[in-house]
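# Structural characterization, general
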Amino acid sequence: MITKKLTSFIIFSFTISFLLSGCQPEQKKEKSHSPSDFIENHSPQTQEKNENFPQNLPDQENLLDIFHETPDKNEENQDISQKIPETEQEIETYFQAELAKARQLEAKKDLEAARRTYQMLTSEFPNRYEPFHHLARISETEQDSDLTYALYELAAQKHPTSPVFYNDFGWFLLSIGEMTEAQKMLHQAIKLAPEEPKYKNNLALCLARLHRYEESFLIFKEAAAGNSTVAYTNLAHIQLQNGDVDAAKKSLQKALATKNDYAPAKEILRLIETHEKINSKTPEN
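Note that the structure is a prediction, hence the values are computed from the model and not measured. (Residues numbered from 1 in each chain as written. Predicted model: local features only at pLDDT ≥ 70, side-chain atom pairs only at ≥ 80, totals over all residues. Heavy atoms only, no water.)

Before going further, it helps to spend a moment on the packing of aromatic side chains. All told, the structure shown has 10 aromatic pairs when counted by the stated rule. Members of the aromatic cluster, joined through ring pairs, are Tyr129, Tyr149, Tyr152, Phe165, Tyr166, Phe169 and Phe172. Between arginine 128 and the ring centre of phenylalanine 95, over which it is positioned, the NZ or CZ distance is 4.0 Å. (Phe/Tyr/Trp six-rings, centres within 6.5 Å; stacked < 30°, edge-to-face > 60°. Lys NZ or Arg CZ within 6 Å of the ring centre and 35° of its normal.)

On to helix α5 (residues 130-141), then. Helix length check: α5, at 12 residues, gives a terminal C-alpha distance of 17 Å against a target of 16 Å (1.5 Å per residue), a fit within 8%. The element α5 is largely enclosed, with a buried count of 10 among its 12 residues. For α5, every residue scored as buried is listed here: Glu130, Pro131, Phe132, His133, His134, Leu135, Ala136, Ile138, Ser139 and Glu140. The elements touched by buried residues of α5 are α3 (88-107), α4 (111-124), α6 (145-156) and α7 (163-175). Just downstream of α5 lies glutamine 143, where phi reads positive at about 60°. (Helix = DSSP H or I, 4+ residues; strand = E, 2+ residues; numbered from the N terminus. Expected span 1.5 Å × (residues − 1). Buried < 20%, exposed > 50% of the residue type's maximum accessible area, 1.4 Å probe, protein only. Contact = heavy atoms within 4.5 Å.)

Moving on, we get to the pattern of salt bridges. Taken as a whole and assessed by the stated rule, the structure comprises 12 salt bridges. Put simply, glutamate 130 and arginine 128 hold a salt bridge, and the shortest N to O gap is 3.0 Å. Relative accessible area serves as the criterion here: at 21%, arginine 128 is assigned to the partly exposed category. Here lysine 200 ties to glutamate 222 by a salt bridge, and the two come within 3.1 Å at their closest N and O atoms. Taken as a pair, lysine 200 in helix α9 (residues 197-209) and glutamate 222 in helix α10 (residues 213-223) lie far apart in primary sequence, 22 residues in all. Residue lysine 200 is classed as buried on the basis of its relative accessible area of 10%. A network of salt bridges, in which partner residues are shared, links Glu92, Arg128 and Glu130. (Salt bridge = Lys/Arg side-chain N within 4 Å of Asp/Glu carboxyl O.)

Tracing the chain through its elements places threonine 233 in helix α11 (residues 228-242). A polar contact is formed between the side chain of threonine 233 and the backbone oxygen of threonine 229, at a distance of 2.8 Å. (Polar contact = N/O pair within 3.5 Å; in protein donor to acceptor, adjacent residues only side chain to side chain.)

In structure tokens, the structure reads:
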């Protein structure tokens, strides 16, 4: 009970500015989805026969004038088919342009419009992982864990080459408690981008959650470019979240032994000691 109170006190009394990055809100368990649930059905609706329906419709030749801009008939060699990407380069350019458009919509928080574009890309490019990855990110913000997992799995089956994908998937798995799978994804992210510290921080956090503190410290230290002070302080933060108050105190003392004026470590240690003094004066029921 004392440990739980202390952990709660520290976490809510102090927000440490440490190197961990990529934090996302805890995922909320929602209804189950199959991987195909997010695919939109674009089947055209059949027009029911109606006596009031306009009878003077243009013939097939003139439909273009109503539904599209009419090509300039006076322009020589005008060919509508030239607008359709045909070569590999044209197709890739089209894909990247549509992906960029969807990402801009996502950045502007227009998630429905972004989702529609990503869904269109999954239909036109079913072997590309990128749109599935971004659909998973949208679903994750909506706290739909089942659909998020299904989308990440679909993306993973398409042989992603981006460390960002593996870090995102790893962080999601960590957030839902799938630590073993999270480690695999984070290791892959580090393999693809060994110089990126946030991937190492996320892996160190994952190991610390598993109480593998020595391994966690070494990776925190590597992520902090060899800075033991920062690494010990980061480790202490996770140890407190785990409820390991004594382990956290030892880590903070080691941090201060390397740099005795390191403010984040001093503040956390002060809060721990203050709470312990208050708690020692409070009679147990």
